[in-house]
Amino acid sequence: GLIWDKVGISIRTGLAGTLRWPKHGKAVAQWADEGAKLTDTKIDWSKLETTGKRLGVAIPVTREELEDSNGIVEGVIREEMPAAIADAINDALFCVEAGTRKTYGPFVKAAASVTTFAGAEPTRKELLKMKATVAKAVKLVAPCWVMTEDMKAILEDVKVDAGSGRFLCENDHVLGYPVFVTDAIPAGYIGFGDWSYQAAGFFGTMSVIADPYTLARNNAVDFVLN
């Protein structure tokens, strides 16, 4: 349910310490005459560091609910808790307004200078221009389109030309790049980016605890995932 599953990016888990990415500028080569001395060139170095936030979900359930369902309620809880984590990550990655969020992705800044499609439906030329904007900035390693299911359906009906019978979106790909469908991006938006450059990682281990003690007076069990 996460975008790096879609494009095959390896996100590390069980990390410790500080997650850091080195950044550097380009070296500059020079033309010189035979025997002439080259002048020094400098590579500018900097780094990106992440700030950690805890992500969790807690679901209290009475023992009556657990016992009367013959294990069904507990099974649903253990399925829904990790799914809620995936939903929270997608919501953070694809929102276009920060709002009250502590963590948010690159579309918030991109939405400040959003490109509006000329017509009711995006054209192939407009989508090519989006792709080119990203390709000029970074080397495309794991690019992906992000849109709602409704927008994808629209692109599946937009013809590439008059005679080929081809459509903009075919086999879950647009212009050869995969499409990630999510309700986390607002309706009407299309995002494109290379998600191998997204800084992310999980520190420590995922912890799931069924606490039968804290809510004992309520005859309830507290299921907590961190």
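Residues numbered from 1 in each chain as written. Predicted model: local features only at pLDDT ≥ 70, side-chain atom pairs only at ≥ 80, totals over all residues. Heavy atoms only, no water.

A. Representation of the state of the cysteines in the model. All chains considered together, the criterion is met by zero disulfides. Here Cys 95 stays unpaired: no disulfide links it, and the sulfur of Cys 144, its closest cysteine neighbor, is 17 Å away. In this structure Cys 169 is not part of a disulfide, and its nearest cysteine sulfur, from Cys 144, lies 11 Å away. The buried category is assigned to Cys 169, whose relative accessible area is 3%. (Disulfide = S-S within 2.5 Å. Buried < 20%, exposed > 50% of the residue type's maximum accessible area, 1.4 Å probe, protein only.)

B. Quick look at the nonpolar core. Counting 27 residues, the largest nonpolar core has Ile 3, Trp 4, Phe 94 and Trp 195 as its most contacted members. When residues of this core are traced back to their parent elements, those giving at least two are helix H1 (3–7), helix H3 (72–94), strand S4 (143–147) and strand S10 (220–225). Examining the composition of this core, we find that seven residues originate from one element, H3, more than from any other. Setting aside anything within four residues of it in sequence, one finds Phe 94 in contact with Ile 3, Phe 107, Val 146, Phe 180, Thr 182, Ala 184, Ile 185, Pro 186 and Trp 195. The next biggest cluster of nonpolar side chains, apart from the first, holds 16 residues, and it includes Met 130, Met 147, Met 151 and Val 158. (Core = buried A, V, L, I, M, F, W, Y, C linked by side-chain atoms within 4.5 Å. Helix = DSSP H or I, 4+ residues; strand = E, 2+ residues; numbered from the N terminus. Contact = heavy atoms within 4.5 Å.)

C. Fine view of the sheet that holds S10. With antiparallel pairing, three strands are arranged side by side in an open sheet as S3-S10-S9. Looking at strand neighbours, the two that pair on one side only are strand S3 (57–62) and strand S9 (208–211), the edges of this open sheet. Put simply, the sheet's adjacent strands are angled 15° from each other on average, direction ignored. By the bridge criterion, four bridges tie S9 to S10 in an arrangement that is antiparallel. Within S10, the position partnered with Ala 210 by the bridge is Phe 223. In the packing of H3 onto the sheet, contacts are made with S3, S9 and S10, and the angle to S10 comes to roughly 30°. (Pairing = 2+ DSSP bridges. Axes fitted to C-alpha atoms, helices over the stretch in contact; angles between N-to-C directions.)

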